[in-house]
Amino acid sequence: MFDREAELEKVKNGLNYPITLILGIRRSGKSSIVKVLMKEEDAIWIYIDLRKYEGKPYLNYKDLVQELERILNSFPERLKNLFKGVKGVSISGIELRLGWSKENKVDMSNLFERLSEISEKEGKRVVIVFDESQELRKLRGYNLLYPLAYAYDNLKLRFIFTGSEIGMVYKFLKLGDAKSPLYGRAMTEVYVNPFNKDLAIEFLRRGFKEANAKVSEEELEEAYNNLGGIPGWLTYYGFYYLQFKDHKSALEKTISAAVELIKEEFNNFLSNRKEARERYYTIMQVCKRGCRWSDVKRAIEAKEGISVDDKEVTNLIKNLVDSSFLIKEGEIYRPADVLMTNAF
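What counts, and where the lines are drawn
Residues numbered from 1 in each chain as written. Predicted model: local features only at pLDDT ≥ 70, side-chain atom pairs only at ≥ 80, totals over all residues. Heavy atoms only, no water. Buried < 20%, exposed > 50% of the residue type's maximum accessible area, 1.4 Å probe, protein only. Helix = DSSP H or I, 4+ residues; strand = E, 2+ residues; numbered from the N terminus. Pairing = 2+ DSSP bridges. 1 Å grid on protein atoms, 1.4 Å probe; cavity = no way out; pocket = protein on both sides within 12 Å on 5 of 7 lines; lining within 4 Å. Points joined across faces, edges and corners; volume = space filled by probe spheres on them. Nonpolar A, V, L, I, M, F, W, Y, C, P; charged D, E, K, R; others polar. Disulfide = S-S within 2.5 Å. Axes fitted to C-alpha atoms, helices over the stretch in contact; angles between N-to-C directions. Contact = heavy atoms within 4.5 Å.

Participant: Lay out the pairing of strand 8 (residues 157-163) with the relevant residues and their values.
Facilitator: When a strand is regular, its side chains alternate between the sheet's two faces. Of all seven residues in strand 8, seven are buried, a share of seventy percent or more. By the alternation rule, side chains of strand 8 split into L157, F159, F161 and G163 and R158, I160 and T162, which are all buried. Sheet analysis places strand 1 (residues 19-23) next to strand 8, joined by five bridges and oriented parallel. Counterpart to T20 in the pairing with strand 8 is I160.

In structure tokens, the structure reads:
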């Protein structure tokens, strides 16, 4: 793992406390840090990948329970048998089932209690990872914050929440809401930022050296100038360069693939916001090279020919910032990813 030692160390230290947040824009390397940690730390790991729900308008308790069931069934039979006696858990042979129906519903607090007991019995931490945890804000029919707060205060469990939509992670956890079960709880926060120019070029340089490929410094610099410092895009470029053996083709293919992926992610963002679809597109187009709040308001009003309430403009921009499509630098809003300028 390239130049993420400081972030990895912070996450390791965070395991001494109940909850750690790993935050950063898409493809910045959050999941890679978790996977390295899972190899290095001897713990009982429960890794829940929520990316499959990005394009869905909501997820229900059944979805979450079935994700947990799948992971628990990968445990050794000895550990699975330790879940006997938990309401809503049934074990037949070597198969463990978690109930989600109204009549036979496993409660997450009870499940967390048993996992904590297993942690003590085995002498190992139990670490539960929710990757892309902002998707949990779409959970319907169950408030996960109450069992999380119970576990925080009473159990020997550790939780890691990663998130690309940083503001949405905070919205899910409701850390600033005095009525939230998690209000006032201290959490370790680790930010994973894109590489600066020197680090991005060194990342590419080392990767090509390991692959015994010679790439000129001019090509490496041009790759950074076009792709920015996000490790995911730089990795795409390296892959395509080795495939095509040509800098220009690799760059074009990376940009093309990135634009399609960004468009798909933006459509996912719009899935519950269809009534404001055109306004969000207008904002992203206006802010491609940087914009102010007033630029956004003028652009929407000019396109629609009507006056738009100031609060509505603020909320639209805030949603884009919370979902990490825009970032704010002083009074200027700009795309969080340089390749977003190609997508709008």
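This is not the end of the story, as more comes after the structure.
Participant: How would you explain the layout of surface pockets if you had to name every residue and give the values?
Facilitator: Taken as a whole, the largest pocket holds about 1,000 Å³ of empty space. Around the largest pocket, the lining comprises 36 residues; the ones closest to its centre are R26, R51, E54, E132 and S164. A per-element tally of the lining of the largest pocket places helix 11 (residues 247-270) first, with five residues. Each residue belonging to the lining of the largest pocket can be placed in one class, and the counts come to nine nonpolar, 11 polar and 16 charged. Size it by volume and the second largest pocket reaches roughly 510 Å³. Lining the second largest pocket are 30 residues, with I25, I327, P335, A336 and D337 sitting closest to its centre. Elements with a contribution of two residues or more to the lining of the second largest pocket: helix 7 (166-173), helix 9 (217-227), helix 14 (310-322), strand 10 (326-329) and strand 11 (332-335).

Participant: I'd like a description of empty space enclosed by the protein, backed by residues and values.
Facilitator: Taken as a whole and assessed by the stated rule, the structure comprises one cavity of 30 Å³ or more. If you add up the space inside the largest cavity, you get close to 50 Å³. Every residue along the wall of the largest cavity is listed here: I25, R26, R27, I230, S324, A336, D337 and M340. Classifying every residue of the lining of the largest cavity gives four nonpolar, one polar and three charged.

Participant: Pulling in residues and values, what's your account of the state of the cysteines?
Facilitator: This structure, assessed with the given rule, holds one disulfide. Covalent S-S linkage joins C287 and C291, the inter-sulfur distance amounting to 2.0 Å. One quick way to see it: the torsion about the S-S bond of C287 and C291 is about 60 degrees, and its sign makes the bridge right-handed. We classify C291 as buried; its relative accessible area is 1%.

Participant: Give a detailed account of the sheet that holds strand 8, specifying residues and quantitative values.
Facilitator: The strand order across the open sheet formed by five strands is 2-6-8-1-9, and the pairing between neighbours is parallel. Each edge of the open sheet carries a strand with a single partner, namely strand 2 (44-49) and strand 9 (188-191). Here the average twist between neighbouring strands, direction ignored, is 15 degrees. Both strand 2 and strand 6 (residues 126-131) contribute to a ladder of six bridges, which runs parallel. Along strand 6, the bridge assignment pairs D49 with D131. Where helix 3 (residues 61-72) meets the sheet, it contacts strand 2 and strand 6, and its direction lies at approximately 140 degrees from that of strand 2.

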